[in-house]
Amino acid sequence: MAAEQKKSLAYATFEVKGEAKPWEFELHELGAEDVELKLTHSGVCHSDIHSIDGDWGIPNFPLVAGHELLGEVTAVGANVTKFKIGDRIGVGPQANSCGACRQCQRNSETYCTAGMVQTYNSKLPDGYITKGGYAQYHRTNAKFAFKIPENLDPAGAAPLLCAGVTVFTPLKECGVDYKSKVAVVGLGGLGHVALKIARAMGAEVTAISTSASKEAECKSFGAHEFIVSTDDAQMAAAAGQFDVILNTSSASLDWAKYLSLLQARGTWVQLGAPPCSIGLAPFQLIFKGISFRGSLIGSPRDFEDMFELCGRHNIVCAVETVPVSKINEALQKVRDNKARYRMVLTFEEM
Ligand code: NAP
Ligand code: ZN
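A short tour of the structure in this document, coming up. In this text the structure is predicted, and so the values were computed from the model without any measurement. (Residues numbered from 1 in each chain as written. Chains lettered and ligands numbered in written order. Predicted model: local features only at pLDDT ≥ 70, side-chain atom pairs only at ≥ 80, totals over all residues. Heavy atoms only, no water.)

Turning our attention to the coordination of the zinc ion (ligand 2). Those donors, C45 (SG), H67 (NE2) and C162 (SG), are the protein atoms that reach the zinc ion (ligand 2), and they lie 2.0 to 2.2 Å from it. Counting residues between consecutive donors of the zinc ion (ligand 2) along the chain gives the motif C-x21-H-x94-C. With C45 in the loop between strand 3 (34-43) and helix 1 (46-52) and H67 in the loop between helix 1 and strand 4 (69-76), this pair connects stretches of sequence that are 22 residues apart. Of the two residues, C45 and H67, neither departs from the other in class, the shared state being buried. (Donors = N, O, S within 2.8 Å, 3.2 Å for Na, K, Ca; no water. Helix = DSSP H or I, 4+ residues; strand = E, 2+ residues; numbered from the N terminus. Buried < 20%, exposed > 50% of the residue type's maximum accessible area, 1.4 Å probe, protein only.)

Shown next as structure tokens:
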């Protein structure tokens, strides 16, 4: 049973663009539907950078970011049968949803009409601000926690809890298979694992990057082709090629130039969330029947499907692990596009 009033060590930021500093906070009370885990690994998503740097508005401080959590179950609520103490589980960016609305009822909990409760920076009805994975312990609703396939290396599996499911879900929804030509724009945490997952689905896969130095690694991840996006000749040669383009870039793009790469009836999936607007002329969509859509993480069912595929193909992320005490260096590497390809914090010393 749960220990109440339990505290956790963490790294928090206290102002926009602030350094992460050691901090201690009280965990939320363990509810009957909740699970508690002690973290071993925590991925650094670019969404954490957007949050810490105020790209999406001023967050609630102190901010404990991190939404790729992996660790061992240390307590379960009275009604939880899904997990037992000692299980290796993970938690992604969603902590809860209303469970009753039309979206929740059709396995679409990320789009909960009441708004999804996020793993960090969300205010619960009792006023508690949720705190994420840059911490020793975490408590969340067990519906939004998942068993990690035993064959997957834990450091490489942690980023599947956001990066993996976020790219898997739209590839699944677009029906990607051996007949599909898929391009992935932006080869960071999301993009590099999108290459692996699209390849495992049987697609012909192209990586489109601003970084020529990533070519050999992207091909080792599963890309058949590699395009340097600043090379106009390479971009022009790829015009009208792709059925699906996943855009995982954390920056704004020359949208018209990239859209010209889709073939008729192709689909653009916007995953990157830079603070910018997307200016498009209607005819850029109309004349080729293009679908332009967004996608947000994945539902619990999508997580199960993603782990089934990644477990079967032994897909994990390419990671660089650092002890959590080096968190500020890890955050800066992500800001500077120097992570290869996901920074993962480890908690041995906490
Ligand atoms: P990341 O690891 O930092 O990778 C982003 C990639 O974008 C970089 O590796 C780089 O790839 C490209 N890039 C960076 N600066 C660029 C620039 N100035 N011009 C063009 N490309 C640039 O980030 P991530 O963790 O994969 O996250 C990517 C984006 O997805 C973020 O905006 C994040 O907030 C968002 N996200 C969305 C969801 C969702 O549910 N929709 C979930 C998670 C994350 P190249 O070097 O290959 O160009
Ligand atoms: Zn994320």
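A word on the site of ligand 1. In the vicinity of ligand 1, 29 residues are found, and the nearest of them are H46, S209, T210, S211 and R342. For ligand 1, an oxygen atom lies 2.8 Å from a polar atom in the side chain of H50. Compared with its free state, where it exposes 920 Å², ligand 1 has 87% of that area covered by protein. Most atoms of ligand 1, that is more than half of them, are within 2 Å of grid points of the largest pocket. Those elements that provide at least two residues to the shell around ligand 1 are helix 1 and helix 5 (189-200). If one sorts the elements of the shell around ligand 1 by residue count, helix 1 sits on top with three residues. (Near = heavy atom within 4 Å. Polar contact = N/O pair within 3.5 Å; in protein donor to acceptor, adjacent residues only side chain to side chain. Areas by Shrake-Rupley, 256 points an atom, 1.4 Å probe, with all protein chains shown as cover. 1 Å grid on protein atoms, 1.4 Å probe; cavity = no way out; pocket = protein on both sides within 12 Å on 5 of 7 lines; lining within 4 Å. Sits in = over half its atoms within 2 Å of the grid points.)

What follows deals with empty space enclosed by the protein. Within this structure, the stated rule accounts for one cavity of 30 Å³ or more. Quantified by volume, the largest cavity comes out at close to 30 Å³. If you go around the largest cavity, the residues you meet are G92, P93, Q94, F144, F146, G298 and F303. Split into classes, the residues belonging to the lining of the largest cavity amount to four nonpolar, three polar and no charged. (Points joined across faces, edges and corners; volume = space filled by probe spheres on them. Nonpolar A, V, L, I, M, F, W, Y, C, P; charged D, E, K, R; others polar.)

Among the residues of helix 11 (residues 327-335), those classed as buried are I327, A330, L331 and V334. The buried side chains of helix 11 occupy one side of the element, clustering within an arc of 100 degrees when seen end-on. Along its buried surface, helix 11 packs onto strand 1 (7-12), helix 1, strand 16 (319-323) and strand 17 (342-346). Backbone geometry just after helix 11 places N337 at a positive phi near 55 degrees. (Arc of directions from axis to C-beta. Contact = heavy atoms within 4.5 Å.)

What follows covers the pattern of salt bridges. Taken as a whole, this structure holds 16 salt bridges when the rule is applied. A salt bridge links K179 to D177; the shortest N-O distance between them is 2.9 Å. A relative accessible area of 57% means that K179 is categorised as exposed. Connected through shared salt-bridge partners, K6, E36 and R139 make up one network. (Salt bridge = Lys/Arg side-chain N within 4 Å of Asp/Glu carboxyl O.)

Ranked by internal contacts, the top residues of the largest apolar core, which has 48 residues, are L160, L195, I197 and F307. Elements that contribute at least two residues to this core include exactly helix 4 (163-173), strand 10 (181-185), helix 5, strand 11 (204-209), helix 6 (215-221), strand 12 (225-228), strand 13 (242-247) and helix 10 (300-313). Per-element tally for this core: the top contributor is helix 5, with six residues. Here L160 is in contact with L152, V165, V193, M306, F307, C310, I315 and C317, once residues within four sequence places are set aside. (Core = buried A, V, L, I, M, F, W, Y, C linked by side-chain atoms within 4.5 Å.)

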